[in-house]
Amino acid sequence: SFYYGTFPAGFLWGVGSSAYQTEGAWDKDGKGPSIWDAFTHKKGKVFGNETGDSACDGYYKVQDDIQLLKELKVNHYLFSISWPRIMPTGIKTEQLNEKGIQFYNDTINTLLENNIIPIVSLYHWDLPQVLQEKYGGWQNVSMVHYFNDYANLCFEKFGDRVKHWITFSNPWAVAEMGYERGEHAPGLKLGGRGAYKAAHHIIKTHAKVWHSYNSTWRSEQQGMVGISLTSGWGEPVDPHSQTDREAAERYIQFHLGWFANPIYRGDYPEVMKNYIGMKSAQQGLGTSRLPRFSVQEKSYIKGTSDFLGIGHFTTRYILQRSFPFLQVSSYHTDQDLAELVDPEWPAPGPKWLYSVPWGFRRLLNFIKTQYGNPLIYVTQNGVSDKARCSQLCDDWRIEYLKGYLNEMLKALKDGVNIKGYTAWSLLDTFEWNKGFSERFGFYHTDFQNKNKPRYPKASVDYYKKIISANGFPNPREVKHWYQAAMDTCSTTHQLLTADSQVAHVEMVTEIVLPAVFTLCMLISIGLLISHLRNH
């Protein structure tokens, strides 16, 4: 049932985005190439062969976007720094890009001038391409050193004003999508080993950066360093079946526990060690494909998070499924489970993202129980639509937002220690290997217009009301919010239609008319030459 009530005083409301998805300007002002630049420039890697070369032009429109944040009335903005924009090769001793550093300084200063707290992620997937080519990226333990240098540069340049740092955003996707399935940059399919190796080095890197901040910067800057982990919830198909309950537990441990367990409990989850070790032995391997931490490393990694960032989008039903002995195993077959969905669950956009609000509360309570009720910031939560045409009256996003925020409010009442919430995302952006075909934004970005204007969707008005009320005060008021939001979107849609027509006329003027003029000139010259020859 829906719970009417408010969040604690001082609860932080925000929205987020990432550098590669929004900034564009991929080779401007001294920025070096990232693995995503290299990946998207290869044909067949991204839907429609689209790239983030210009994305939302956020590099040039950052001041305008901060005005949108003011319009939303958020307390904070979560964004990421592009490593190759401030350190083109990824190596500190080789080159620093002062223009890139100035860009982030200006962004941070403008946010603070507008009373918006910057929450900064050091890594949202855009590794410098040079480090991938020279060392193999996250397959190489040397990344610990290079990333620590980069992090310390950020602490030095921005740490006097930034008090909330995220080392890695969704490292599960970095490891599994980038080094197992190859659907994300750098596009490597190192089945059964690559993801585990990448994750191992990422966890070591996170711990190194936390200790660097703790020993060098914390006393002076008084900030916090955490990590942002994204996980769905796994619900057993049959809650009375022990095998299904154990399979659902494995699902969570192979997603969330893979990274959270070493940080909060000192080592990989036992179930991961057991299953991957067993499967490795069946293959005739002398050691497990899951790397091991030494005793010293376990001690060094444990406790290295001042807060836990949580990204959550959807839920799956889980049941036991034994995979036959395979000579070549993978991260997915290691788990011995199958994922199902309820056909009744709403799925407004892509087939992976079903709206299942109750799973959010269960995930948050699992974290409370499993990891000693850590301080939590929700760092990613939202829903996309898959239509290529503009849909400003996004009632499904309003329903998703209402449901998930209400379950988070219930989790707070359960005693879960949640400090803030970040909706994903501010704008429609470049959505990785899906290109521009999936749209998570509160603001519609018109990618067909060269100026890439932003238009508020109905969900902007609804989210503003939730922020102002700090929750859901009573049924009558909440119902009114929905009606008011849907009224605003129809007006905005008329504006978008008019602007699109103007942009179309401008395109005709700028492209078609010069082309017609050139064609007429060529025909005239041809006729003149023909006439002169005949004469």
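The chain carries the name Cytosolic beta-glucosidase in an unreviewed UniProt entry, which gives Colius striatus as its organism. If you open the UniProt record of the chain and go to Sequence similarities (unreviewed entry), you find "Belongs to the glycosyl hydrolase 1 family. Klotho subfamily."

Visitor: Break down the packing of helix α10 (residues 242-265) against helix α11 (residues 270-282) for me, citing the residues and quoting the values.
Guide: Two numbers describe how α10 lies on α11: the axes approach to 9 Å, and their chain directions differ by 110°. Taken as axis vectors, α10 and α11 run roughly perpendicular relative to one another. Each of R250, Q253, F254 and W258 in α10 lies in contact with α11, whose residues at this interface are V271, M272, Y275 and I276. Here the residues of the contact of α10 with α11 sort into 6 nonpolar, 1 polar and 1 charged.

Visitor: Can you tell me about the nonpolar core, naming the residues and giving the values?
Guide: Counting 149 residues, the largest nonpolar core has W138, W165, W258 and Y463 as the members making the most contacts within it. Counting 6 residues, the second-largest nonpolar core is a separate cluster that includes L12, L78, I119 and F307.

Visitor: I'd love a proper account of the packing of aromatic side chains, names of residues and values included.
Guide: Taken as a whole, this structure holds 55 aromatic pairs when the rule is applied. Judged by centre distance (5.0 Å) and plane angle (40°), the rings of W258 and F259 are tilted. Accessibility classification places W258 together with F259 in one group, the buried group. Ring geometry for Y264 versus Y371: centroids 5.6 Å apart, planes at 35°, classification tilted. Of the two residues, Y264 sits in helix α10 while Y371 sits in the loop between α13 (358-370) and β11 (376-380), which places them 107 residues apart along the sequence. Across the pair, Y371 and Y264 agree in class, each one buried. Through a chain of ring-to-ring contacts, three or more aromatic side chains come together here, namely Y20, W36, F39, W125, F430, W432, F436 and F447. Across the ring face of F2, the terminal group of K402 is positioned such that the distance to the ring centre comes to 5.0 Å.

Visitor: Residue-level account of the state of the cysteines, with values.
Guide: Working definition: the covalent bond between the sulfur atoms of two cysteines is a disulfide. Under the counting rule described, the total for this entry stands at 1 disulfide. A sulfur-sulfur distance of 2.0 Å marks the disulfide that ties C393 to C489. What sets the handedness of the C393 and C489 disulfide is the S-S torsion sign, and at about 100° it is right-handed. Placement of the pair is C393 in the loop between β11 and α14 (395-413) and C489 in helix α16 (residues 475-534), with a sequence separation of 96 residues. Among the residues examined, C393 registers a relative accessible area of 30% and is labelled partly exposed.

Definitions and cut-offs
Residues numbered from 1 in each chain as written. Predicted model: local features only at pLDDT ≥ 70, side-chain atom pairs only at ≥ 80, totals over all residues. Heavy atoms only, no water. UniProt positions renumbered as here; feature names shortened; annotations may be inferred. Axes fitted to C-alpha atoms, helices over the stretch in contact; angles between N-to-C directions. Helix = DSSP H or I, 4+ residues; strand = E, 2+ residues; numbered from the N terminus. Parallel < 35°, antiparallel > 145°, perpendicular 65-115°, else oblique. Contact = heavy atoms within 4.5 Å. Nonpolar A, V, L, I, M, F, W, Y, C, P; charged D, E, K, R; others polar. Core = buried A, V, L, I, M, F, W, Y, C linked by side-chain atoms within 4.5 Å. Buried < 20%, exposed > 50% of the residue type's maximum accessible area, 1.4 Å probe, protein only. Phe/Tyr/Trp six-rings, centres within 6.5 Å; stacked < 30°, edge-to-face > 60°. Lys NZ or Arg CZ within 6 Å of the ring centre and 35° of its normal. Disulfide = S-S within 2.5 Å.

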